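# Examination of the molecular architecture
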Amino acid sequence: MANAILMDHEGEYDEMVAATAAIAHEIGERWKPEQVGLAGGLSGLVLLNLAVLSCRPSDRIALRRTENSISQLRNMASSRPTLPSLFVGAAGVAWVLLRAGQVLRDGTLIGASRYLVDQLAWILSQPLVDDVGNDLITGLAGIGVLAEAAAEHDGDLRLMNVVTSVLRERAEVTATGLVWRSQPSHLAPTARLRYPTGCHDYGVAHGHAGLTTLLIRAAALTGAACDAKLAQGALTWLSSEVDFSRFPSLPTIVVTEESRSSTLPTWCYGDAGTAAVMKECAPTSIGSGARRLGGRIAKHWADRMKTFDPASRLQGHGLCHGTAGAWALLLSSAPELGTDAFSRSKLMSATWERVRSAAAGGDASATSNAAANSGSEQAVGLMNGLCGQALATLTSVNPGVARLWKPLFLL
């Protein structure tokens, strides 16, 4: 079933690989990202070059571009201070270096990643850890994604143990389970103005769904009773908030005086993203509960999606909240959607046209360095930009590419 969906664009394989290679070249030579992070910097470019190399393993040009981008990433990361986060900082750099080392069988890169992992474990043990939020994009859940990858590689659980320990200290005990409030200091400037006392975020990117999924994975990894209790408490709270008499079944953000929700099929917030990450949990006793909950949310969401054009109101073509991300979510919900692949095909076609236009020197070729490092649709990064769009497009014809980006999104 999944393979049939993935291979919808098999006839365009060579063109997609060529377009991805062209975009990687343009990003590296023309746009020259000035950040190291995944969201809009060199880390995403490394993943894009690794994707091209995986499709063209004997291509010396692809190998040289991959090695050059890795060298640039290491040099920039060592010369500039950076946040300890997954999508805009050191945790993302460490994850990319580890994956690159595994793909290229390069122990030096794996060692460089291990050094950053050790540094992050030390940082989180210091009093300044209060400056680090809880979420997936910039906080502890994102660092936990790196910790999971590091532990799976060499069995070292030190970073994961520090992450779960800090989250355990921060957990708010309620009658229905454990919850983590987004403090004003951990919100983006615009959100801080809107929610000066903080808020409860339910989403994957910045909220409870991402945290819960990470904690369930951590418990499966460590086997510790205290981690299992933490994960169960988080899942129990999230389950208690689901209401299938409404759509969506979960709100997006809740504060004392306001509740917001979204009906869009976006990864970062809403039912679709929550369902997808829940369904990816390991089939442990706690993970099985999450998978069942994710399946029910997906079914509730998918029933509505059958009468809704998912591309009509999405913001651009990125993975975070655009057509590429919606395609991945619809693919995840294939069992609930049945065999109708119309929406998925439409979403991937829209993403592919964007990638093809950029590769051919379309509107994206005018992107300046400033725009390339912004959060706009024109950006080159993994979340909203061309790196993510091209990786998703390539995944539609080569499922193996998914390992280069999906784990970062808990997919």
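Residues numbered from 1 in each chain as written. Predicted model: local features only at pLDDT ≥ 70, side-chain atom pairs only at ≥ 80, totals over all residues. Heavy atoms only, no water.

Below, the discussion takes up the packing of aromatic side chains. In total, this model carries four aromatic pairs according to the counting rule given. Seen in terms of ring centroids, F87 and F409 are 5.4 Å apart; in terms of plane orientation they differ by 70 degrees. Their pairing is edge-to-face. Here F87, found in the loop between α4 (60-79) and α5 (90-104), pairs with F409, found in the segment after α18 (386-395); they are 322 residues apart in sequence, far enough to count as distant. The pair formed by F87 and F409 is uniform in burial state, with each residue classed as buried. Relative to F409, the ring of W267 has its centre 4.8 Å away and its plane inclined at 70 degrees; by these criteria the two rings are edge-to-face. Taken as a pair, W267 in the loop between β5 (258-260) and α12 (271-279) and F409 in the segment after α18 lie far apart in primary sequence, 142 residues in all. Here W267 matches F409 in class, with each residue buried. (Phe/Tyr/Trp six-rings, centres within 6.5 Å; stacked < 30°, edge-to-face > 60°. Helix = DSSP H or I, 4+ residues; strand = E, 2+ residues; numbered from the N terminus. Buried < 20%, exposed > 50% of the residue type's maximum accessible area, 1.4 Å probe, protein only.)

Turning our eyes to something else, we now look at the nonpolar core. Grouped together as the largest cluster of nonpolar side chains are 125 residues, with contacts concentrated most on L159, W267 and L382. Per-element accounting of this core gives the leading share, nine residues, to α5. Those residues in contact with W267 that lie beyond four places of it in its chain are L136, I137, V204, A205, G273, V277, L319, C320, L329, M383, F409 and L411. Formed by five residues, the second largest nonpolar core is a distinct cluster that contains Y195, C199, I253 and V255. (Core = buried A, V, L, I, M, F, W, Y, C linked by side-chain atoms within 4.5 Å. Contact = heavy atoms within 4.5 Å.)

If you trace the backbone, R56 turns up in the loop between α3 (42-55) and α4. For R56, a relative accessible area of 30% translates into the label partly exposed. Taking the C-alpha atoms as reference points, R56 and V17, separated by 39 residues in sequence, lie 8.5 Å from one another. The contact partners of R56, leaving out residues within four places of it in the chain, are V17, A18, A21 and A62.

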